[in-house]
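The chain contents come next:
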Amino acid sequence: MPPIIVRGTPIAYADSSEAPLLERFSGPQEHDEYSVTSHDMPWALHYHLTPRRKSLLSWMDFGPDANILELGAGCGALTSLLVERASSVTAVEGSLDRARVIQQRCRNATNLRIVVGNAADLSYEGEFTHVILVGVLEYAQAYVPHPQPHAHLLAQARRCLQPNGCLVLAIENTMGHKYLAGMPEDHTGRPYCGVNGYPGPFAARTFDRPTLETMLTGAGLSAQAWFYPSPDYKTPDTILSEAAFRTPGFNPLPLLDLPTQDYGKRIHPAFNERAFLASTHRGAIAPHFMNSFLVLAAANPEASPLRANANMLASALNADGCPRAFQTMTRFDSQPDGTLRVSRRNLHGSPPLAFSLGEQRIKPGEKYLSGYVSILERILDLLEAGDQTGAGASLLRWIELLSERAGPATPENVAAFEAFCRHHLGQSIYAGHMKGPWIPGALLDAHPGNVLFHPETKDVRFIDLEWRLFCALPLQLIIDRGVNLVAQKIALWQRYYFYEAGAPGSFPPGMTQRLNQRAAFRQADVPSLARFQTWLTACIRSGNMDHSLEPLAAG
């Protein structure tokens, strides 16, 4: 069991999750840090347990001999990652109750010591390769007894670093696009609180990029690499680097999950964040408006943590909603020859699982398709430009591309699909489409977001075909999946397009008129698609592609 060392008076900070967390981690069953977490539990508890917390640092190369100091370790969500990546970890937490949670959470770690004390009153001197300061700097004025609490905390962190060490700092951006769009400030719950300069006696405050950059430089950490976690540093699924916004031919914006979702599910952004970020990207100022900052800051520009992570343009992580066997990380890296490389792997290095019905396919590496645009992005671009007919034509073009890859029905295809439905779905689906056309199960994920084209050459590529079935499928099923995805995406932006909307999730009138010219659009089988999607979601969440649904009751 890692030791707890108490230095000074503990800080009385809590969010009501400490007791249930301690009970959970103290039980006899080993806790899986990457297990699927329920979104029905209270937010405070979900926040401490979701694997997405670790996505902030999962992509990072800490080096083989990392000696890490984590300031403000909370309940150990990142500590549990760091002990797997470092030779030694010292986790400093002001709350004794939270320190006990960390101790139980990381009870098998032999390279961890836990210190209860104020992060600004430590006596370490030049000891650590990394100092982690995640979600802590914003609270300095409440817990650091100093006339300049933020500067003092950064100076203390700098003092703890080795000469070639690196501070890893994460904090919200006061000028983040979600805050400009009226989303509540994370600490006060009030919209525009940070934008207005935090009027009033608030315990926490965040900063814009120029202010934070100046503060870090003032602390002697002028060598800085800036990264941008999205949707924020708390539960990110994407990490963008500064270079991602400056590299010709690389578009980072499709990697973002927009519009930003309010954790309380009550408030929607007041403007189209996608259009706003596209505009700021064209003006070369988008980094100033990302929701959060992740900064690697060092005194020496040759510090090894800066060099080790210099080539990473972006990382997209899937660490939520499926067990660790299906969790993935996709990285975009610049190469010495100036090209860009896409690599994809299981987040934990696990080999792919074998199933009789299908498989998860992870393509380990390929050249980045510079200048290509997905059909989904093209549709959204056209709708933002007011071209509903053009958006419909783009979706029809996708249907044509699938149709070109389809073939006629065969007795073998029909028999295999009917057996799949009988044994795994508990009912027949797409009964009216058994006569064809049919498409290979390898194209299950060939939706409009995974079909790219080059605007100039018109070349078409299929990417990220992650889920594959070994039996052929009715073409109508794949078309229905893709159309449904586009409808869901449009529904997210519908409030910003200013057309006369129909039912929620419906297409714009001009787009619908264009789509109705194709029989495949008119012949959608919604109940069949819903049953298939229920099965596929259950497969992914359970980690078993041979999963079977309970048969539906007759009548």
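Look above for the structure.
Note that this is a predicted model, so its numbers are computed, not measured. (Residues numbered from 1 in each chain as written. Predicted model: local features only at pLDDT ≥ 70, side-chain atom pairs only at ≥ 80, totals over all residues. Heavy atoms only, no water.)

### With respect to the packing of aromatic side chains
Any aromatic ring pair is given by two values, namely how distant the centres are and how the planes are angled relative to each other. Within this structure, the stated rule accounts for 24 aromatic pairs. For the pair Trp-226 and Phe-293, a centre-to-centre distance of 5.2 Å together with 85° between the ring planes defines the contact as edge-to-face. With Trp-226 in strand S7 (residues 223-230) and Phe-293 in strand S9 (residues 292-298), the pair connects residues that are 67 residues apart, well separated along the chain. The two residues Trp-226 and Phe-293 agree in class, both being buried. Ring centres of Phe-417 and Phe-420 lie 5.9 Å apart, and the angle between their planes is 45°; on these two criteria the pair is classed as tilted. Of the two residues, Phe-417 and Phe-420 are both situated in helix H13 (residues 411-425); the distance of three residues between them amounts to about one turn of the helix. Residues Phe-417 and Phe-420 agree in their burial class; the two are buried. One aromatic cluster is present, formed by Phe-417, Phe-420, Trp-438, Phe-532 and Trp-535 through successive ring pairs. The ring of Tyr-47 carries the charged tip of Arg-53 above its face, separated from the ring centre by 4.0 Å. The ring of Tyr-34 carries Lys-54 above its face, with NZ or CZ at 5.8 Å from the centroid. (Phe/Tyr/Trp six-rings, centres within 6.5 Å; stacked < 30°, edge-to-face > 60°. Helix = DSSP H or I, 4+ residues; strand = E, 2+ residues; numbered from the N terminus. Buried < 20%, exposed > 50% of the residue type's maximum accessible area, 1.4 Å probe, protein only. Lys NZ or Arg CZ within 6 Å of the ring centre and 35° of its normal.)

### A look at the sheet that holds strand S18 (residues 460-462)
Strand order across the open sheet formed by three strands is S15-S17-S18, with antiparallel pairing between neighbours. At either end of the open sheet lies a strand with only one pairing partner, and these are strand S15 (373-374) and S18. As paired strands, strand S17 (residues 451-453) and S18 are joined by three bridges and run antiparallel to one another. When the bridges of S18 are listed, Leu-452 appears paired with Arg-461. (Pairing = 2+ DSSP bridges.)

### Notes on the layout of surface pockets
Empty space within the second largest pocket amounts to approximately 230 Å³. As for the second largest pocket, its lining consists of 15 residues, and the residues nearest its centre are Val-483, Asn-484, Phe-521, Ala-524 and Val-526. Counting residues per element, the ones that place at least two in the lining of the second largest pocket are helix H14 (475-497), helix H16 (519-522) and helix H17 (526-542). Here the lining of the second largest pocket gets six residues from one element, more than from any other, and that element is H14. Grouping the amino acids of the lining of the second largest pocket by side-chain chemistry returns nine nonpolar, four polar and two charged. (1 Å grid on protein atoms, 1.4 Å probe; cavity = no way out; pocket = protein on both sides within 12 Å on 5 of 7 lines; lining within 4 Å. Points joined across faces, edges and corners; volume = space filled by probe spheres on them. Nonpolar A, V, L, I, M, F, W, Y, C, P; charged D, E, K, R; others polar.)

### Let's talk about the packing of helix H1 (residues 18-26) against helix H4 (residues 96-105)
Interaxial distance between H1 and H4 falls to 8 Å at its minimum, and their mutual angle equals 20°. What the angle tells us is that H1 and H4 run roughly parallel. Seen along the crossing, H1 lies across H4 with a hand that is left-handed. Contacts between H1 and H4 involve Glu-18, Leu-21, Leu-22, Phe-25 and Ser-26 from the former and Asp-97, Arg-98, Arg-100, Val-101, Gln-104 and Arg-105 from the latter. A class-by-class count of the residues in the contact of H1 with H4 yields four nonpolar, two polar and five charged. (Axes fitted to C-alpha atoms, helices over the stretch in contact; angles between N-to-C directions. Parallel < 35°, antiparallel > 145°, perpendicular 65-115°, else oblique. Left-handed = near helix turned anticlockwise from the far one by under 90°. Contact = heavy atoms within 4.5 Å.)

### Observations regarding the environment of Phe-271
Mapped onto the fold, Phe-271 is located in the loop between strand S8 (238-241) and helix H9 (273-282). We classify Phe-271 as partly exposed; its relative accessible area is 26%. As for Phe-271 and Arg-495, which are separated by 224 residues in sequence, their C-alpha atoms are 8.8 Å apart. The residues touching Phe-271, leaving out its near neighbours within four places in the chain, are His-177, Leu-180, Ala-181, Phe-276 and Tyr-496.

### Notes on the packing of helix H11 (residues 375-384) against H14
Running from amino to carboxyl end, H11 crosses H14 at an angle of 20°, the nearest separation of the two axes being 11 Å. The orientation of H11 with respect to H14, classified from their angle, is roughly parallel. Every pair of crossing elements has a handedness; the one defined by H11 and H14 is right-handed. Contact residues: Leu-376, Ile-379, Leu-380, Leu-383 and Glu-384 in H11; Val-486, Lys-489, Ile-490, Trp-493 and Tyr-497 in H14. Among the residues forming the contact of H11 with H14, the class breakdown is eight nonpolar, no polar and two charged.

### Describing the pairing of strand S10 (residues 312-318)
Of all the seven residues making up S10, five are buried; the element is thus mostly covered by neighbouring parts of the structure. As paired elements, S8 and S10 share three bridges and run antiparallel to each other. In the sheet register, Ile-239 faces S10, and the bridge partner there is Ser-315. Judged from the six bridges that link them, S10 and strand S11 (residues 328-334) form a sheet pairing that is antiparallel. Across the sheet, the residue bridging to Met-312 is Asp-333, located in S11.

### Things to note about the environment of Arg-53
Mapped onto the fold, Arg-53 is located in the loop between helix H2 (43-49) and strand S2 (67-71). Along the chain, Arg-53 and Asp-65 lie 12 residues apart, while their C-alpha atoms are 23 Å from each other. Sequence-distant contacts of Arg-53, that is, excluding residues within four places in its chain, are made with Tyr-47, His-48, Ala-77, Leu-78, Lys-234 and Thr-235.

### Remarks on the pattern of salt bridges
Taken as a whole, this structure holds 29 salt bridges when the rule is applied. Two residues, Lys-54 and Glu-33, come together in a salt bridge whose shortest N-O distance is 2.8 Å. With Lys-54 in the loop between H2 and S2 and Glu-33 in the loop between H1 and H2, this pair connects stretches of sequence that are 21 residues apart. On the basis of relative accessible area, Lys-54 is assigned to the buried category, the value being 1%. The partner of Glu-125 in a salt bridge is Arg-159, and the shortest N-O contact between them spans 3.1 Å. In this pair, Glu-125 sits in the loop between strand S4 (112-116) and strand S5 (128-134) while Arg-159 sits in helix H6 (residues 149-160), placing the two residues 34 residues apart along the sequence. The exposure class assigned to Glu-125 is exposed, which follows from its relative accessible area of 56%. The exposure class assigned to Arg-159 is partly exposed, which follows from its relative accessible area of 24%. Salt bridges linked by common partners bring Glu-172, Lys-178, Asp-186, Asp-232 and Lys-234 together as one network. (Salt bridge = Lys/Arg side-chain N within 4 Å of Asp/Glu carboxyl O.)

### As for empty space enclosed by the protein
Going through the model one piece at a time under the given rule, you end up with one cavity of 30 Å³ or more. Of the volumes computed, that of the largest cavity is approximately 30 Å³. In terms of lining, the largest cavity is formed by Phe-25, Glu-30, His-31, Gln-104, Arg-105 and Arg-107. Class assignment of the residues belonging to the lining of the largest cavity gives a composition of one nonpolar, two polar and three charged.

Function cannot be inferred from these measures alone, as they are strictly geometric.
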